[in-house]
Amino acid sequence: MRRRSLPFTFIVVAVLILIELGAFAGGYFLLEDMGKARFSGYFDFIYWLETGIVFALLVSIPRSLRNRDNVKKTYFAFQRVGVLMADLLPKLLFTLFVLLSLLVQGIYMALNSLFIHSQAQRLDLESILIIGGVLGIVLLSIIIRGILIGRFDFRVIKQTLHFDNLPKAFEGLRMVQISDMHIGSFYNHQDEIQEAIDMINDLKPDLILFTGDMVNNTAEETRGWKELFLQLKSNLGNYAILGNHDYGDYVRWPSEEAKKQNLQDLISFEKAAGFDVLLNENRIIEKNGDKIALIGVENWGTPPFAQYGYLPDAIKGTENMPFSILLSHDPSHWDVEVAGKTHIDLTLAGHTHGMQFGIIIGKWKWSPVQWRYDRWSGLYKHDKQCLYVNRGLGHIGFPGRVGMLPEITLIELKSPS
């Protein structure tokens, strides 16, 4: 395993070195063009000191994540990931503008027969570098805001969905979907989660539906959180499923028995915290004589994610129900086994987080995660079947959210008007 990772490690180190050298060269060129070369010595010292500190943090991250059952070490490793990204992403952006300035310089040299004056050339290069520097500072500010504020900036997203076959008693049913808590990432931030819980209760939901990833790695992360989750109130119950992180697959366990016990401990916590945990099974929800089916599968994802879910077991006995809702953590499951293949009317998923980074402007949205998932945030349809992908309440890895803010989804079901 270690041998296979060596080429990847060398590639990562090489890329990081190129970014650092590119940003350093750009800063040096900018000082010269601005007539501030006398400050280059100070610039050299400050730049490489900062770079050395950041690389020391980088080296310490894998060591801290080696034993992911240590909640505190994992949390602070994620904080160092945030520092690393706040340092490297603006430098990468600036480096791209350095390369652009070199390209412009090459074009000027190739077209020297046009007698472009050297002063005009220096002005163009300086302008490009200044633009790159300013944009790098803007990106740095955005990332810092995402870490300090964005990850706690919970947003309520409201969706009204119409279905021809919705039973009359369930007209106006209010469902709150939450997903991807990753509670270990909120280490010592109970007050912020209290705010999210208050927001959920203020919506006066009939159902609260949690679509997986309560933890990052282990059930140990849930210690001290039960009383907060017990505050969640709904008229018809709180239900949950498991996500890929809930099984402890990313931890080196001393034995298979220890891993199984961890999963059982997590399920026990969720039950004690007021959730009915659906493990490839379903519940029939009744109201004023009408019934709908609520179905929950264990995690089912495309490789490299595990497939613990078994839909045939989960839907057994619901085939003749007038309306069915499926909770399935990974949205790729909908395309492979649900849409056009089952009687399920509405599927609720999470998993993608919107990559915690992206842009939403009105109905237009973009995130790098769309290169991996076709269904990654919001509402999708196939004929009369619907999928809604929640971008998650928590975070993992990068300790922040940029653009893709943490989401509480309120879904109201109605018949066509």
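Scroll up for the structure.
Keep in mind it's a predicted model, so treat the numbers as computed, not measured.

Draft legend 1. Up close: the environment of Arg223. With respect to the element layout, Arg223 can be found in the loop between strand E3 (207-210) and helix H6 (226-229). A sequence separation of 95 residues divides Arg223 from Thr318, and the C-alpha atoms of the two residues are 36 Å apart.

Draft legend 2. Highlighting the sheet that holds strand E13 (residues 385-389). Read from one edge of the open sheet, six strands run E6-E7-E8-E9-E13-E12, paired in mixed fashion. What marks the edges here is a single partner per strand, and that holds for strand E6 (281-287) and strand E12 (378-382). Shown here is a sheet whose adjacent strand axes are inclined to one another by a mean of 20°, direction ignored. Sheet topology places strand E9 (residues 346-349) next to E13; four bridges connect them, and they run parallel. Residue Leu346 lies in a different strand from E13, and its bridge partner there is Cys386.

Draft legend 3. Structural detail: the nonpolar core. If you look at the biggest cluster of nonpolar residues, it comprises 35 residues, and the most contacted ones within it are Met181, Ile193, Met214, Trp225, Phe229, Phe275 and Ile408. Where this core is concerned, the elements lending two or more residues are strand E2 (173-178), helix H5 (190-202), E3, H6, helix H7 (256-272) and strand E14 (407-414). Sorting elements by how many residues they give to this core places H5 first, with five residues. Residue contacts for Ile408: discarding those within four places in its chain leaves Phe154, Arg155, Val156, Ile157, Val176, Gln177, Ile178, Ala196, Met199, Ile200, Leu203 and Leu393. Core analysis: the next-biggest nonpolar cluster, separate from the first, contains 24 residues, Phe170, Ile285, Leu327 and Leu413 among them.

Draft legend 4. Structural context of H7. Across its 17 residues, H7 extends 24 Å between first and last C-alpha, which sits within 8% of the 24 Å expected from 1.5 Å per residue. Within H7, burial applies to Lys259, Asn262, Leu263, Leu266, Ile267, Phe269 and Glu270. Buried residues of H7 fall within an arc of 155° about the axis and therefore sit on the same side. Those residues of H7 that are exposed and angled more than 90 degrees off the buried face are Glu257 and Lys260. Against the buried residues of H7 lie E3, H6, strand E4 (238-240) and strand E5 (276-277). One or two residues past the end of H7 sits Gly274, with phi positive at roughly 100°.

Draft legend 5. Here's a closer look at the pairing of E12. Pairing geometry for E12 and E13, over five bridges, is antiparallel. Opposite Leu379, over in E13, you have Tyr388 as the bridge partner. Joining the antiparallel neighbours E12 and E13 is a turn of two residues, in which Asp383 adopts a positive phi near 55°.

Draft legend 6. Molecular detail of the packing of aromatic side chains. Summed over all chains, the structure comprises 16 aromatic pairs. Ring plane angle 55° and centroid distance 5.5 Å describe the contact between Phe24 and Tyr47, whose orientation is recorded as tilted. Of this pair, Phe24 sits in helix H1 (residues 2-33) while Tyr47 sits in helix H2 (residues 40-65), placing them 23 residues apart in sequence. Taken as a pair, Phe24 and Tyr47 share a single burial class, namely buried. Centroid distance Phe76 to Tyr187: 6.3 Å. Interplanar angle 70°. Geometry classified as edge-to-face. Residue Phe76 is located in helix H3 (residues 71-110), and its partner Tyr187 is located in the loop between E2 and H5; the two are separated by 111 residues in the primary sequence. Look at Phe76 and you get partly exposed, because its relative accessible area is 38%. Over the ring of Trp376 we find Lys365; its NZ or CZ atom is 5.3 Å from the centre of that ring. One Lys or Arg, Arg372, reaches over the ring of Tyr373 and ends 4.6 Å from the middle of that ring.

Rules and cut-offs
Along each chain, residues carry numbers from 1 onward, in the same order as the chain's sequence is written. pLDDT decides what is reported in this predicted model: residues at 70 or higher carry local features, side-chain atom pairs at 80 or more are listed and counted, and totals for whole chains, interfaces and linings draw on all residues regardless. In computing side-chain values, all of the structure's heavy atoms are included and hydrogens and water are not. Secondary structure elements follow DSSP: runs of H or I of four or more residues count as helices, runs of E of two or more count as strands, with numbering from the N terminus. Each pair of strands is called paired provided DSSP finds at least two bridges between the two strands. In this analysis, axes come from line fits to C-alpha atoms, helices being fitted only over the stretch in contact, and the angle between any two N-to-C directions falls in the range 0 to 180 degrees. Definition used in this section: a nonpolar core is a set of buried Ala, Val, Leu, Ile, Met, Phe, Trp, Tyr and Cys residues joined via side-chain atoms within 4.5 Å. Burial here depends on accessible area, computed with a 1.4 Å probe over protein chains only, as a share of the maximum for the residue type. Under 20% is buried, over 50% is exposed, and the range in between is partly exposed. Whether two residues are in contact is decided by their heavy atoms, any of which lying within 4.5 Å being enough. Each residue after the first adds 1.5 Å to the expected span of a helix. Of all possible arcs, the one meant is that of the directions from the helix axis to the C-beta atoms. Note on aromatic contacts: the rings of Phe and Tyr and the six-membered ring of Trp form a pair at centre separations within 6.5 Å, being stacked when their planes are under 30 degrees apart, edge-to-face when over 60 apart, and tilted otherwise. Whether a charge sits over a ring comes down to the Lys NZ or Arg CZ being within 6 Å of the ring centre and within 35 degrees of the ring normal.

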